[in-house]
Structures are given as structure tokens and as C-alpha cells.
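Analysis of the macromolecular model
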Amino acid sequence: LVVVPVLSLISIPLINRAFADDLTPLRPWVWAGLGVKFAGAVAGYNIRFEAYGGAADAGGYHNVGKAIAGQFHDGTIGVFGLIPSGTGTEFVGQLTGLVYAVSGTSRLGGFMVFTWMSFWGLVFCIKAAHHAIGGLATRRYAIAVFFFPSLVYWGSSTGKEAFVGLCLGLSAY
């Protein structure tokens, strides 16, 4: 209830800047895409923690992140201790600790932050395609990217998929 409005407020100037000039007509689709992505996070959360009983990677990342955020808030580690330095699964756990140190240790809140990262990866992919492919039907492409069920669900959880999605989008852009 707190994380989504804050992320949405942060998104206002970012979306306005990213979708300016010839991309301005896409803004309603971008906002709808963000809303659908957040809904996908709620669905993913329920599937992972209700249907699967928490037997998902997100549960492990949550536990590691919660411990790191707790160490930060009690002064055991400093700001530089929050910077992820591991590789693979260790990196994602440390990244979750960084996210939790800022957003709080709510499992659902963590899902929303990671989903937001994944959303921005999609935005960067859309912008990259718009600039790279002359004559691209950008509106159709954006609608496909934002509403394709696999992309709504994939990356809508605490874990490596969201971070990979962000990095892929940045790399494409």
C-alpha cells in the first residue's frame, strides 16, 4: 500500500521524460503497462507463496534481504555494505537487501520494487526499438511488450529475472 504509490510517483517524471516528443501518445499505454505489471506481481506473489507454499527462489532472496536490511538498520553494516558484491544467487540476495534497506522488508513490497525494475527494462526495450528500427509501429510494439502474458508475469517477483530484464533493456537501449 505504500511502495506502489511511491514507485508510481517516482515514475511520473521518468515516464514524461522517456515518452516525450513523438512518443507522447504512448504515455497512456505505458501507465497501463505499469499497472498490469503490478497486477502480474500480485498474481506471481500469490502463486509463489500460496500455490507453491513459498517453495520459490523469491522466498530465499527475501530471507537474505531481510537479514541484510536488519543489519543495516541496527548499524552492523554501513551504506557501502549494502552494495551487492557477490555473483549469481548471492548477488540477488544482496540486491534484495539493498532494496529492503530502502523500501522496508515487506515480501509483497519487494515484489513491487523488483517488478518496477523489470518494467523499466521493458521501457528501455521499447525506446531502443523505436530508435533503431525506422518505420516501426511503436504503439503496437509497446502494447505487445507491455501486455504479452509472459512479459507481464516474467520478472514480476523478487529475483534475478527482474534485474536481468532491467539490464537487458538498458543494454538494448
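Here, the structure is the one placed above.
Criteria and thresholds
Residues numbered from 1 in each chain as written. Predicted model: local features only at pLDDT ≥ 70, side-chain atom pairs only at ≥ 80, totals over all residues. Heavy atoms only, no water. Helix = DSSP H or I, 4+ residues; strand = E, 2+ residues; numbered from the N terminus. Buried < 20%, exposed > 50% of the residue type's maximum accessible area, 1.4 Å probe, protein only. Contact = heavy atoms within 4.5 Å. Phe/Tyr/Trp six-rings, centres within 6.5 Å; stacked < 30°, edge-to-face > 60°. Patch = residues over 30% accessible without salt bridge, like charges linked within 9 Å, V, L, I, M, F, W, Y side chains within 5 Å. Areas by Shrake-Rupley, 256 points an atom, 1.4 Å probe, with all protein chains shown as cover. Salt bridge = Lys/Arg side-chain N within 4 Å of Asp/Glu carboxyl O.

**Focus on the environment of Ile77**
As for its position among the elements, Ile77 is in the loop between α3 (57-73) and α4 (89-103). Ile77 gets classed as partly exposed once you look at its relative accessible area, which sits at 21%. As for Ile77 and Ile47, which are separated by 30 residues in sequence, their C-alpha atoms are 34 Å apart. In contact with Ile77, other than residues within four places in its own chain, are Ile68, Gln71, Phe72 and Leu82.

**Let's talk about the packing of aromatic side chains**
Taken as a whole and assessed by the stated rule, the structure comprises nine aromatic pairs. Aromatic pair Phe91 and Phe163: ring centres 5.2 Å apart, planes at 50°, arrangement tilted. Taken together, the residues Phe91 in helix α4 and Phe163 in helix α8 (residues 160-172) connect sequence positions 72 residues apart. Plain terms: the ring middles of Trp116 and Trp120 are 6.3 Å apart, the flat faces sit at 80° to each other, and that makes the pair edge-to-face. Taken together, the positions of Trp116 and Trp120, both in helix α5 (residues 107-132) and four residues apart, correspond to about one turn of that helix. Residue class for Trp116 comes out buried when judged on its relative accessible area of 16%. Note on Trp120: relative accessible area 9%, which makes it buried. In textbook terms, an aromatic cluster arises when at least three aromatic residues are bridged by ring pairs, as seen for Trp116, Phe119, Trp120 and Phe146.

**Thoughts on a nonpolar patch on the surface**
Taken together, the side chains of Leu1, Val2, Val6, Ile10 and Leu14 make up a nonpolar region of the molecular surface, amounting to roughly 530 Å² of accessible area. Tracing the backbone through its elements, the reader meets Leu14 in helix α1 (residues 3-18).

**Some words on the pattern of salt bridges**
Counting across every chain of the model gives one salt bridge. Measuring nitrogen to oxygen at the nearest pair gives 3.3 Å for the salt bridge that ties Lys160 to Asp57. Taken together, the residues span a long stretch of sequence, with Lys160 in helix α8 and Asp57 in helix α3 at a distance of 103 residues. Judged by relative accessible area, Lys160 falls into the partly exposed class, the value being 32%.

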